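Below, each chain spelled out in residue letters.
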Amino acid sequence: MPRKRRFVYIADGLTDGKAAIIKKSLSVVKAIHSVQITPSRSSIEVEASRDVEDQIRLACGVAGARFRAKMGR
């Protein structure tokens, strides 16, 4: 079983509504085990077996938020 790792991404324009859309969009990605979105900090934290930056970018685009960056360790 692949090891779960924590990844943090920053997105501009996050609201509670957009966060709900992003979370629902990411629920279909099998590599993602959990998602935590904090609109006030503009952060998206995921626990996943691999880096899912492409899926985060796509989910942000669907929700109308702007993906900014992946946070380093």
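As the structure is a prediction and not an experimental result, all values here were calculated from the model.

**Q** Just give me the short version of the nonpolar core, but keep the residues and values in it.
**A** With 22 residues, the main nonpolar core has Ile 22, Ile 44, Val 46, Val 52 and Ile 56 as its most contacted residues. Taken together, the elements giving at least two residues each to this core come down to β1 (5–12), α1 (16–26), β2 (32–38), β3 (43–48) and α2 (53–63). Sequence-distant contacts of Ile 22, that is, excluding residues within four places in its chain, are made with Leu 14, Ile 37, Ile 44, Ala 59, Cys 60, Ala 63 and Ala 65.

**Q** Can you break down the sheet that holds strand β4 (residues 66–70) residue by residue, with the values?
**A** Spatial strand order, β2-β3-β1-β4: 4 strands in an open sheet with antiparallel pairing. Strands at the two margins of the open sheet, each flanked by one partner only, are β2 and β4. The average angle at which neighbouring strand axes cross in this sheet is 25°, direction not considered. In the sheet, β1 pairs with β3 via 6 bridges, with the strands oriented antiparallel. Following the sheet pairing, Arg 6 is matched in β3 by Glu 47. Those strands touched by α1 are β2 and β3, and its axis lies near 175° from that of β2. Contacts between α2 and the sheet are confined to β1, β3 and β4, with β4 contributing the most and set at about 155° to the helix.

Cut-offs used in this document
Residues numbered from 1 in each chain as written. Predicted model: local features only at pLDDT ≥ 70, side-chain atom pairs only at ≥ 80, totals over all residues. Heavy atoms only, no water. Core = buried A, V, L, I, M, F, W, Y, C linked by side-chain atoms within 4.5 Å. Buried < 20%, exposed > 50% of the residue type's maximum accessible area, 1.4 Å probe, protein only. Helix = DSSP H or I, 4+ residues; strand = E, 2+ residues; numbered from the N terminus. Contact = heavy atoms within 4.5 Å. Pairing = 2+ DSSP bridges. Axes fitted to C-alpha atoms, helices over the stretch in contact; angles between N-to-C directions.

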